[in-house]
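Structural overview for review
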Amino acid sequence: MQSNGAGQGQDSELSCLNSAQNGESSSAGGTHFNGLLVSTNNGNSVASGSEVGSMKKKKRLSQSEEDVIRLIGQHLHGLGLNQTVDLLMQESGCRLEHTSATKFRNNVMEGEWEKAENDLNELRALMHSPNAIVRMKFLLLQQKYLEYLEDGKVLEALQVLRGELTPLKYNTDRIHVLSGYLMCSHAEDLRAKAEWDGKGANSRCRLLDKLQTYLPPSVMLPPRRLQTLLRQAVELQRDRCLYHNTKLDSSLDSVSLLLDHVCSRSQFPCYTQQILTEHCNEVWFCKFSNNGTKLATGSKDTTVIIWQVDPESHQLKLLRTLEGHAYGVSYLAWSPDDAYLIACGPDDCSELWLWNVQTGELRTKMSQSHEDSLTSVAWNPDGKRFVTGGQRGQFYQCDLDGNLLDSWEGVRVQCLWCVGDGRTVLASDTHQRIRGYNFEDLTDRNIVQEDHPIMSFTVSKNGRLALLNVATQGVHLWDLQDRVLVRKYQGVTQGFYTIHSCFGGHNEDFIASGSEDHKVYIWHRRSELPIAELTGHTRTVNCVSWNPAIPGLMASASDDGTVRVWGPAPFLDTQVVDGLNGKYR
């Protein structure tokens, strides 16, 4: 459509404005004035400053737009691009900060302490808290005091301490500490004891960061506010990423702000890296050591195999075989320092074996009674004691030589866990509950109550969450502190077999479990639906263990007699990998 003359004139004005803002000049020549271009063409003015100003007034900035401009201005100011900041504020009509705040900032950076104190009186009316002035004045005087000391002006420093800081009657403990710095023999000693950068821009910038926390953002923006918001955005994207399994550098330099954070499923431990076939019967249990350098597997074939994890390739190599477990090995527990390994048998086994992992020697073979059933064990955090028990009503605490230290009668134990306080033991029993038992004061209390048998459970590193495999129900997540059921994970087939699930991945964000349908299921901790279903085993998967030191390494033990080691996919097309190594949701 053909435009009319008025439209052409307006387009010409906007074109000149855009050219001016892009740093271009007209062919006829022109002059920059406050960032606007006033050019002449055959003696006719194209766009004057006042005309452009009137055009800009038509656009009224919203509060959020003003906030963004201030944030950008603060960031540019931090980069030293002050002329650009001035131009941005001038063109937008915004103010980076209150004029009193600007004056205050300049006086602090110049070390004009008396002027800075006077500025505080101007800022008083703008503050929400009346106590803020005292706190800010204390910070100013502290910096003033330290700078006098560094300059060797001891009398002046003493006057600040006695005549200005002490009369504030604020933080007297800190004043006592400050007075001790008078004894420092030289400037280096002062900086070391005060943990202070010394007189100069660095320490004054740190001081300003503290002072800004007492001022409303409308007066002075919080320090590095744009970087803070960007970091929060990156962290939120990472938290929402179902496959994020690595630790991110907290600095923004390690990420691209131009793209959203996305982790590929091919980076996740869903690909079979190894199949360990050295066991000659059902493999009932597997567990990585606490430092992640070894894997222990227990089998119906009466052996425990210790595997060494290669730190570079993450391949597993047979280190040694521990033999003689006549009933088979259904449960394993590493000592906190990984020096020892305890092996337990199935229901009709009344013995447990405590092995020295380094030498392969049996340190203790413990049996209190032939009528016992020692099917579960847990180490005390001190590494000098352990608790063990089974479903025939025995519950013992022993030392490393198998000597009985304490016992709890009448508790039919299915699974055990020692709490970090070193006194409390969690035990699931035949009453479909988990109770806490204190061996010091001989008290017990109910913590978790389920409606179906608890076949096994494990606890997160921080001791807050418990992961339960519940008969006919699957995998449940409980908050032990609040004693509430947090989540029920879907997909897994769980009858009355004992299946062991685990926390895993970076920050224990993931949960993995075996299943009677021959699969390994993986969930993100906050999502009830599985994010991966791993196929490959041909019979029930009894146990899954996630390497605590290598977030991308996981092992599963199955009745098919194999242990599968799972890791990220090799350098293959993702669709091909998905087709070969399991179903994803």
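Along each chain, residues carry numbers from 1 onward, in the same order as the chain's sequence is written. Only residues with pLDDT of at least 70 get local features here, since the model is predicted, and only at 80 or more are side-chain atom pairs given and counted; chain-wide, interface and lining totals rely on the full set of residues. Just so you know, side-chain values use all the structure's heavy atoms and leave hydrogens and water out.

Quick look at the overall build of the chain
Put simply, the rule is: Secondary structure elements follow DSSP: runs of H or I no shorter than four residues count as helices, runs of E no shorter than two count as strands, and numbering proceeds from the N terminus. Relative accessibility thresholds used throughout: buried, under 20% of the residue-type maximum; exposed, over 50%; partly exposed, between the two (1.4 Å probe, protein chains only). Residue contacts are counted whenever heavy atoms from the two residues lie within 4.5 Å of one another. Surface exposure here means Shrake-Rupley accessible area, sampled with a 1.4 Å probe, where a residue is shielded only by the protein chains that are shown.
Within the chain, the regular secondary structure consists of 13 helices and 32 strands. Counting across all 585 residues of the chain, residues that qualify as buried make up 47%. Looking at the chain alone, contacts between residues at least 24 apart form 47% of all its contacts between residues at least 6 apart. Just so you have it, the chain exposes about 29300 Å², and 47% of that area is on carbon and sulfur atoms.

Section: the environment of Val68
Take Val68: it is sitting in helix α3 (residues 63–78). By relative accessible area, which is 45% here, Val68 ends up partly exposed. Distance in space between the C-alpha atoms of Val68 and Leu226 is 8.7 Å, their sequence separation being 158 residues.

A look at unusual backbone geometry
Positive phi values are uncommon outside glycine, yet Asn171 reaches one of about 55°. Within the secondary structure, Asn171 is located in the loop between α8 (154–165) and α9 (172–180).

As for the UniProt feature "repeat: WD" (unreviewed entry) in the chain
Which entries qualify depends on this criterion: UniProt positions are given in the numbering used here, feature names are shortened, and annotations may be inferred rather than shown by experiment.
Here the UniProt feature "repeat: WD" (unreviewed entry) sits at residues 276–310, 322–353 and 534–566. Annotated as residues 322–353, this span is 0% helix and 38% strand, and its ends, taken at the C-alpha atoms, are 10 Å apart. Secondary structure across residues 534–566 comprises 0% helix and 48% strand; the distance between its end C-alpha atoms is 9 Å.

Section: the sheet that holds strand β11 (residues 352–356)
The strands making up a sheet are joined through hydrogen bonds of the backbone, oriented either antiparallel or parallel. Rules: Two strands pair if DSSP finds at least two bridges between them. Lines are fitted to the C-alpha atoms to define the axes, a helix being fitted only along its stretch in contact, and any angle between axes, read from their N-to-C directions, falls within 0 to 180 degrees.
Pairing in this open sheet of 4 strands is antiparallel, and the strands run β9-β10-β11-β12 from one edge to the other. At either end of the open sheet lies a strand with only one pairing partner, and these are β9 (331–334) and β12 (361–366). Strand-to-strand twist in this sheet, taken as the mean axis angle between neighbours without regard to direction, amounts to 20°. In this structure, β9 lies alongside strand β10 (residues 340–344), joined through 4 bridges in antiparallel fashion. When the sheet's bridge partners are listed, Leu332 is paired in β10 with Ala343.

Observations regarding the sheet that holds strand β30 (residues 554–558)
Taken in spatial order, the 4 strands of this open sheet run β4-β31-β30-β29, and their pairing is antiparallel. On the outer flanks of this sheet lie β4 (271–276) and β29 (541–546), each paired with one strand and no other. Strand-to-strand twist in this sheet, taken as the mean axis angle between neighbours without regard to direction, amounts to 20°. Where β29 lies against β30, 5 bridges are found, and the strand directions are antiparallel. What sits directly across from Cys543, in β30, is Ala557.

So, the packing of helix α5 (residues 99–110) against helix α6 (residues 113–123)
Filter applied, for reference: For classification, angles of less than 35 degrees are called roughly parallel, those exceeding 145 degrees roughly antiparallel, those between 65 and 115 degrees roughly perpendicular, and all remaining angles oblique. Helix crossings get a hand from a simple test, with the near helix turned counterclockwise from the far one by less than a right angle marking a left-handed crossing and a clockwise turn marking a right-handed one.
Packing of α5 against α6 leaves a shortest axis separation of 8 Å and a crossing angle of 160°. Comparing the axis directions of α5 and α6 gives the class roughly antiparallel. Crossing geometry of α5 relative to α6 is assigned as left-handed. On α6, the residues that touch Ser100, Ala101, Lys103, Phe104, Asn107 and Val108 of α5 are Trp113, Lys115, Ala116, Asp119, Leu120, Glu122 and Leu123.

What to know about the pairing of strand β31 (residues 563–567)
For β31, a buried count of 5 out of 5 residues is recorded, marking the element as mostly surrounded by other parts of the structure. Of the two faces of β31, both are covered, the one formed by Val563, Val565 and Gly567 as well as the one formed by Arg564 and Trp566. Pairing analysis gives 5 bridges linking β4 to β31, with the strands arranged antiparallel. Bridge pairing in β31 places Thr272 opposite Trp566. In this sheet, β31 lies alongside β30 in antiparallel orientation, the contact comprising 4 bridges. Note that in β31 the partner of Ala555 across the bridge is Val565. Linking β30 to β31, which pair antiparallel, is a turn of 4 residues; within it Gly561 sits at a positive phi near 85°.

A look at the pattern of salt bridges
Basically, it comes down to this: The salt bridge definition used is simple: a Lys or Arg side-chain nitrogen within 4 Å of an Asp or Glu carboxyl oxygen.
Tallied over the full model, the rule gives 20 salt bridges. Among the ionic pairs, Asp189 bridges to Lys193, the shortest N-O distance being 3.6 Å. Here Asp189 and its partner Lys193 are both found in helix α10 (residues 187–194), 4 residues apart, which amounts to about one turn of the helix. Of the charged contacts, one joins Arg464 and Asp479 as a salt bridge, the two residues approaching to 2.8 Å between their closest N and O atoms.

Some details on the side chain of Thr424
Rules: Here a polar contact is taken to be a pair of N or O atoms separated by no more than 3.5 Å, where protein atoms must pair a possible hydrogen donor with a possible acceptor and residues adjacent in sequence count only if both atoms sit in side chains.
Note on placement: Thr424 falls in strand β18 (residues 424–429). Within polar-contact distance, the side chain of Thr424 engages the side chain of Asp421 at 2.9 Å. In this view, Thr424 contacts Trp417, Cys418, Val419, Gly436, Tyr437 and Asn438; residues no more than four positions away in its chain are not counted.

A short note on the confidence of the model for the chain
Convention followed: For every residue, the predictor assigns a confidence score, pLDDT, that lies between 0 and 100.
Here the chain averages 85 in pLDDT, while 87% of its residues score no lower than 70. Every residue in residues 572–585 scores below 50 in pLDDT, and together they form 25 contacts with partners more than four places removed in sequence or on other chains.

Quick word on the packing of α6 against helix α7 (residues 132–150)
Going by this rule: Each residue receives one of three labels: charged for Asp, Glu, Lys and Arg, nonpolar for Ala, Val, Leu, Ile, Met, Phe, Trp, Tyr, Cys and Pro, and polar for the others, Gly being one of them.
Interhelical geometry of α6 versus α7 gives an angle of 180° and a closest axis separation of 11 Å. One way to sum up the angle between α6 and α7 is to call them roughly antiparallel. Two secondary-structure elements touch here, α6 through Trp113, Ala116, Glu117 and Leu120 and α7 through Ile133, Met136, Lys137, Leu140, Leu141, Gln143, Lys144 and Glu147. Looking at the contact of α6 with α7 residue by residue, the class counts come to 7 nonpolar, 1 polar and 4 charged.

Brief notes about the packing of aromatic side chains
In this description, an aromatic ring pair is defined by two values, namely the gap between the centres and the angle between the planes. How we decide: Within 6.5 Å between ring centres, the rings of Phe, Tyr and Trp (the latter by its six-membered ring) count as paired, and their orientation is classed by plane angle as stacked under 30 degrees, edge-to-face over 60, tilted in between.
In total, this model carries 12 aromatic pairs according to the counting rule given. Ring centres of Tyr489 and Trp523 lie 5.4 Å apart, and the angle between their planes is 45°; this geometry places the pair in the tilted category. Here the residue Tyr489 occupies a position in strand β24 (residues 484–489), and Trp523 occupies one in strand β27 (residues 520–524), the gap between them amounting to 34 residues. Residue classification places Tyr489 among the buried positions, given a relative accessible area of 3%. A network of ring pairs unites the aromatic residues Phe395, Trp408, Tyr437 and Phe439 as a single cluster.

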